[in-house]
Amino acid sequence: MECITGRTKTTEMNLIFATSNEHKLSEVRSMLPEGIAISGLKEIGFTEELPETQNTIEGNSLQKAEYLSNTLNTDCFAEDTGLEVDALNGEPGVYSARYAGEHATFNDNINKLLKELEGKNNRKARFKTVITYYSQGKSVQFTGITNGVITPNKRGDKGFGYDPVFIPEGSDKTYAEMTLEEKNLYSHRKKSFEGFANYLRKNAVL
Ligand code: ITT
């Protein structure tokens, strides 16, 4: 497979992760099994923005992986993540990155979310990550979902995105109050990545 750009003497393989989000990159690096390394878009010198014009998380995940694979003639994986809030009919969902506008910051998006939820009792939400592995013209997807609630105010300064307002089920801390290791005990991204790693193992890629 082309995406596996080479094995070192210790049989480490390198997968291209089609993301320019450095936070996602560090999180995935913290959950990699033995024998696998990843390179982000910056590291391979790819500076173009990947298209994300689909209206589902699955669609955008596939679009990013397929675009990079076809452009560079290489195998790779991509992921798309969204926060689905019950009282907002599943919003911001696929639009999580630009909820408060095209160039919105994490804070802008959180402020908009908290405003939209003002006076609403139902604070249930879930993070959903869909990884697409695009290999030799074929795609396979792995989904990770974590249920939780949206807090009334921001708490914590770790992590990124909506982390300061999301408490996963089973914890009393927001993701932003957790170390990376703690976040990985609950993480939507970790769950989808585990599916991907199992697939690589089963298919004797790892
Ligand atoms: P790439 O497309 O380059 O991978 P992106 O930042 O555009 O990066 P998405 O389209 O998947 O990523 O946008 C998801 C947004 O959802 C992201 O900008 C964050 O605001 C938020 N998000 C994703 N994962 C998150 C997490 O683990 N914790 C909190 N917020 C998260």
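For the structure itself, look to the data block above.
All values derive from a computational prediction rather than experimental measurement.

Rules and cut-offs
- Note on numbering: residues in each chain are counted from 1, in written sequence order.
- Note on the predicted model: pLDDT of at least 70 is required for a residue's local features to be given, and 80 or more for side-chain atom pairs to be given and counted; whole-chain, interface and lining totals, by contrast, use all residues.
- Computation of side-chain values: all heavy atoms of the structure, hydrogens and water removed.
- A helix here means a DSSP run of H or I that spans at least four residues, while a strand means a run of E at least two residues long, and both kinds are numbered starting from the N terminus.
- The criterion used for residue contact is that any of the two residues' heavy atoms lie within 4.5 Å.
- Areas reported here follow the Shrake-Rupley algorithm with a probe of radius 1.4 Å; residue values treat only the protein chains shown as occluding.
- When charges are counted, Lys and Arg are positive and Asp and Glu negative, with His and the chain ends excluded.
- Charge coordinates come from a single atom per side chain, which is NZ of Lys, CZ of Arg, CG of Asp or CD of Glu.
- A molecule or strand has a residue near it when one of that residue's heavy atoms lies within 4 Å.
- Counted as a polar contact is a pair of N or O atoms within 3.5 Å, where, for protein atoms, one must be capable of donating a hydrogen and the other of accepting one, and residues adjacent in sequence contribute only when both atoms are in side chains.
- Residues are grouped as follows: Ala, Val, Leu, Ile, Met, Phe, Trp, Tyr, Cys and Pro are nonpolar; Asp, Glu, Lys and Arg are charged; all remaining types, including Gly, are polar.
- Three exposure classes are used, based on accessible area relative to the maximum for each residue type with a 1.4 Å probe and protein chains only: buried under 20%, partly exposed in between, and exposed over 50%.
- In this description, strands pair whenever DSSP reports at least two bridges between them.
- For helices, the fitted axis covers only the stretch in contact; all axes are lines through C-alpha atoms, and the angles between them, taken along N-to-C directions, range from 0 to 180 degrees.
- The salt bridge criterion pairs a side-chain nitrogen of Lys or Arg with a carboxyl oxygen of Asp or Glu, the two atoms within 4 Å.

1. Here we look at the overall build of the chain
Consideration 1: Along its length, the chain carries five helices and seven strands.
Consideration 2: The linear arrangement of helices and strands in the chain, starting from the amino end, is β-α-β-α-β-β-α-β-β-β-α-α.
Consideration 3: The C-alpha extent of the chain, read off along each of the three principal axes, is 55 × 30 × 25 Å.
Consideration 4: Taking all contacts inside the chain whose residues are at least 6 apart in sequence as the whole, residues at least 24 apart take part in 54%.
Consideration 5: Carbon and sulfur atoms provide 46% of the accessible area of the chain, an area that totals close to 10400 Å².
Consideration 6: Each charge sign in the chain was given a centre, from 25 positive and 29 negative side chains, and these centres are 3 Å apart.

2. Some remarks on the site of the ligand
Consideration 1: Surveying the vicinity of the ligand reveals 20 residues, the closest of which are T19, K24, K64, D163 and K183.
Consideration 2: In this structure, an oxygen atom belonging to the ligand sits 2.9 Å away from a side-chain N or O atom of N21.
Consideration 3: In this structure, R189 approaches the ligand through a side-chain N or O atom, which is 2.8 Å from a nitrogen atom.
Consideration 4: With the chains in place, 91% of the 620 Å² that the ligand exposes on its own is no longer accessible.
Consideration 5: Mapped by element, the contributors of at least two residues to the shell around the ligand are β3 (76–85) and α5 (188–202).
Consideration 6: In terms of residues, the shell around the ligand owes the most to one element, β3, which gives three residues.
Consideration 7: Of the residues in the shell around the ligand, the class split is five nonpolar, seven polar and eight charged.

3. Comments concerning the environment of G170
Consideration 1: Residue placement: G170 occurs in the loop between β7 (166–168) and α4 (180–186).
Consideration 2: Residue class for G170 comes out exposed when judged on its relative accessible area of 75%.
Consideration 3: Sequence separation between G170 and Y186 is 16 residues, and the spatial gap between their C-alpha atoms is 8.4 Å.

4. Observations regarding the environment of Y95
Consideration 1: Among the secondary structure elements, Y95 is positioned in the loop between β4 (92–93) and α3 (106–116).
Consideration 2: Along the chain, Y95 and N55 lie 40 residues apart, while their C-alpha atoms are 8.4 Å from each other.

5. Focus: the sheet that holds strand β5 (residues 124–135)
Consideration 1: An order of β4-β3-β5-β6-β7 is seen for the five strands of this open sheet, with the pairing classed as antiparallel. Among the strands making up the open sheet, the edge pair consists of β4 and β7.
Consideration 2: Where helix α2 (residues 57–72) meets the sheet, its contacts fall on β3, β4, β5 and β6 (138–150), and the angle it forms with β3 comes to roughly 160°.
Consideration 3: Across the sheet, α5 is in contact with β3, β5 and β6; its angle to β6 comes to roughly 155°.

6. A short note on the pattern of salt bridges
Consideration 1: Scanning the model with the defined rule gives 14 salt bridges in all.
Consideration 2: With a shortest N-O distance of 2.7 Å, E27 and K183 are connected by a salt bridge. Pair noted here: E27 is in helix α1 (residues 22–29) and K183 is in helix α4, with a separation of 156 residues, a long-range link.
Consideration 3: Across the salt bridge formed by K183 and D163, the nearest N and O atoms sit 3.0 Å from each other. Within this pair, whereas K183 is found in helix α4, its partner D163 is found in the loop between β6 and β7, the two being separated by 20 residues in sequence.
Consideration 4: One connected set of salt bridges, linked through shared partners, spans K24, E27, E79, D163, K183 and R189.

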